[in-house]
Amino acid sequence: MKGTSYLSFKVRLTVLLMAALVSTTFAGNFKNDMDITFGGARANILNGGQDLTLSLDQYSGSGFQSKHEYLFGRFDIQLKLVPGNSAGTVTTFYLSSQGAAHDEIDFEFLGNSSGNPYTIHTNVFAQGKGNKEQQFHLWFDPTAAFHTYTILWNSQRIIFLIDNIPIRVFSNNEASGVAFPKSQPMRVYASLWNADDWATQGGRVKTDWTKAPFTASYRNFNAIANMVVGGNQVPTSSGINDNQAWSSQGLDAAGRNRLRWVQSKHMIYNYCDDRNRFPNGLPTECKQSRFL
Ligand SMILES: *[C@@H]1O[C@H](CO)[C@@H](O)[C@H](O)[C@H]1NC(C)=O
């Protein structure tokens, strides 16, 4: 009936406008957007949903995941890492789909003994296959203040950014037969856990439990993304505001310069340079420029 659909259109428009209005005032909200997945009271939502802390002790770490699934988007979170002796701890912020042939886009922050730098570990999985690691040391102390970590994911590329500086681009190379995550909706995940069997200096430096609990703080989660609700794609409220700029975003000349700076000065491992690991030849995507 015409009358009903007009009414529902008006209601939907009002809801959209309200959502757009709300998103300009409050970005993401941990209380509304996230569920605690493990660790119970070790995960704490504070300030009405503006802040979230995760902690780790001898018995458990903690974590959270987004209530919604997304297919493409820009995901920002501010993070202050475990200070002092963080050896053995791993803090994460990543996207992942479900199932064996899953897709995943990872930021992992590997702790270190006091005075030694964190390692920022990145990886991309497509249809269950990863092995695409790049690692970095940072140009600042990630435990002294909040910094913004971003995963931008569209159909052409994935860009990892720190404080809006691109540190890595993974391009869609399907034309050359390289799988790319583009059809499985993903949730946002974050966690703090113990991985002292491998994380710090190859597992040689263990977690010092006398320093527990270890705490990492998250702030200002924001997704400008296609939310998948009941099989349909719905832009998030801030997506409407942003006019979907992320969906075709690539690097401009300034972005490529900054990426070159990070990759030449701060990258400590690139799977594309690891010929020992791939004696039968480097993965196909490694033949392409990493600055596209
Ligand atoms: C810890 O510090 C050492 C020494 O500076 C460094 O080689 C290593 O990459 C750092 N990160 C981790 C996670 O071990």
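Just so you know, these numbers come straight off a predicted model, no measurement behind them. (Residues numbered from 1 in each chain as written. Predicted model: local features only at pLDDT ≥ 70, side-chain atom pairs only at ≥ 80, totals over all residues. Heavy atoms only, no water.)

### Digging into the overall build of the protein chain
Rules: Under the scheme used here, helices are H or I runs from DSSP no shorter than 4 residues and strands are E runs no shorter than 2 residues, and both carry numbers assigned from the N terminus. The rule is simple: take the accessible area with a 1.4 Å probe, protein chains only, and divide by the maximum for that residue type; under 20% is buried, over 50% is exposed, in between is partly exposed. For this analysis, residues touch if any pair of their heavy atoms sits within 4.5 Å. Each accessible area value is a Shrake-Rupley result obtained with a 1.4 Å probe; residue values ignore everything except the protein chains displayed when judging cover.
Broken down by element type, the protein chain carries four helices and 16 strands. By residue count, 51% of the 292 residues in the protein chain fall in the buried class. In the protein chain, 66% of the contacts between residues at least 6 apart in sequence involve partners at least 24 apart. Summed over all atoms, the accessible surface of the protein chain reaches about 13800 Å², with 52% contributed by carbon and sulfur.

### Things to note about the site of the ligand
Worth spelling out the cut-off: Note on terminology: near, applied to a residue and a molecule or strand, indicates that one of the residue's heavy atoms is within 4 Å of it. In the analysis that follows, any N or O atom pair within 3.5 Å is treated as a polar contact, provided that within protein one partner can donate a hydrogen and the other can accept it, and provided that, for residues neighboring in sequence, both atoms belong to side chains. Under the grouping applied here, Gly and all other residues not named as nonpolar or charged are polar, the nonpolar ones being Ala, Val, Leu, Ile, Met, Phe, Trp, Tyr, Cys and Pro and the charged ones Asp, Glu, Lys and Arg.
Neighbouring the ligand are L110, G111, N112, N116, P117, T119, H137, A199, T200 and Q201. N112 is positioned with one of its side-chain polar atoms (N or O) 2.4 Å from an oxygen atom of the ligand. Starting from 360 Å² of accessible surface for the ligand in isolation, the protein chains cover 70%. Residues belonging to the shell around the ligand are distributed by class as follows: three nonpolar, seven polar and no charged.

### Re helix 4 (residues 253–265)
Applicable threshold: Between the first and last residue of a helix there are one fewer steps than residues, each counted as 1.5 Å, and that sum is the expected span. Arc definition: it is the arc formed by the directions from the helix axis to the C-beta atoms.
Along its 13 residues, helix 4 runs 18 Å from first to last C-alpha, staying within 8% of the 18 Å computed at 1.5 Å per residue. Residues of helix 4 that are buried include every one of G255, L259, V262 and Q263, and no others. Along helix 4, the residues classed as buried sweep out an arc of 90° about the axis, all on the same side. Residues S264 and K265 are exposed on helix 4 and point more than 90 degrees away from its buried face. Buried residues in helix 4 make contact with strand 9 (134–136), strand 12 (165–171) and strand 16 (267–270).

### What to know about the sheet that holds strand 6 (residues 89–96)
As a reminder of what qualifies: Pairing between strands requires that DSSP locate at least two bridges from one strand to the other. Here an axis means a line fitted to C-alpha atoms, over the contact stretch when the element is a helix, while the angle between two N-to-C directions is reported on a 0 to 180 degree scale.
The strand order across the open sheet formed by eight strands is 1-4-13-6-7-8-9-16, and the pairing between neighbours is antiparallel. Strand pairing shows two members of the sheet lacking a second neighbour, strand 1 (34–38) and strand 16, which therefore form its edges. The mean inter-strand angle of the sheet, taken between neighbouring strand axes irrespective of direction, is 15°. Sheet analysis places strand 8 (residues 119–125) next to strand 9, joined by three bridges and oriented antiparallel. Counterpart to T122 in the pairing with strand 9 is Q134.

### Focus: the confidence of the model for the protein chain
Low-pLDDT portions of the prediction should not be read for the details of their coordinates. Our working definition: The pLDDT score gives, residue by residue, the confidence of the prediction method on a 0 to 100 scale.
When pLDDT is averaged across the protein chain, the result is 89; 88% of the residues are at 70 or more. This model gives residues 1–26 a pLDDT under 50, and the stretch forms eight contacts once residues within four places in sequence are excluded.

### Things to note about the packing of aromatic side chains
So the rule is basically this: Pairs were defined over the aromatic rings of Phe, Tyr and Trp, the Trp ring being its six-membered one, requiring ring centres within 6.5 Å. Orientation was assigned from the angle between planes: stacked under 30 degrees, edge-to-face over 60, tilted for the rest. Here, a charge over a ring is recorded when the distance from Lys NZ or Arg CZ to the ring centre is within 6 Å and its angle to the ring normal is within 35 degrees.
Applying the stated rule across the entire model yields 15 aromatic pairs. Ring pairs connect the aromatic residues F93, F107, F109, Y149 and F160, which therefore count as one cluster. One cation-aromatic arrangement involves R219 over F146; the distance from NZ or CZ to the ring centre is 3.9 Å.

### Topic: the pattern of salt bridges
Inclusion rule: The working definition used for a salt bridge is a side-chain nitrogen of Lys or Arg within 4 Å of a carboxyl oxygen of Asp or Glu.
Here the structure, examined in full by the defined rule, presents seven salt bridges. Put simply, E133 and R277 hold a salt bridge, and the shortest N to O gap is 2.9 Å. Here E133 is found in the loop between strand 8 and strand 9, whereas its partner R277 is found in the segment after strand 16, with 144 residues between them in sequence.

### A closer look at the side chain of T92
Relative to the helices and strands, T92 is located in strand 6. For T92, a relative accessible area of 1% gives the class buried. At 2.6 Å, the side chain of T92 and the side chain of S191 are in polar contact. If we ignore the near neighbours within four places in the chain, the residues touching T92 are F107, E108, F109, Y189, A190, S191, W193 and Y218.

### Section: the state of the cysteines
What counts is decided by this rule: Pairs of cysteine sulfur atoms within 2.5 Å are identified as disulfides in what follows.
Enumeration according to the criterion identifies one disulfide in this entry. Across the disulfide, C272 is cross-linked to C286 (sulfur-sulfur distance 2.0 Å). Across the S-S bond linking C272 and C286, the dihedral sits near -75°, which makes this disulfide left-handed. Separated by 14 residues along the polypeptide, C272 in the segment after strand 16 and C286 in the segment after strand 16 bring together distant segments of the chain. You can call C272 buried: its relative accessible area is 13%. In this structure C286 comes out as buried when scored by relative accessible area, which is 16%.

### So, the pairing of strand 12
Counting buried residues in strand 12 gives seven out of seven residues, a clear majority hidden from the surface. Relative to strand 12, strand 11 (residues 157–162) is paired through six bridges, and the arrangement is antiparallel. In the sheet register, I162 faces strand 12, and the bridge partner there is I165. Hairpin connection of strand 11 to strand 12: two residues between the antiparallel strands, including D163 at a positive phi of 50°.

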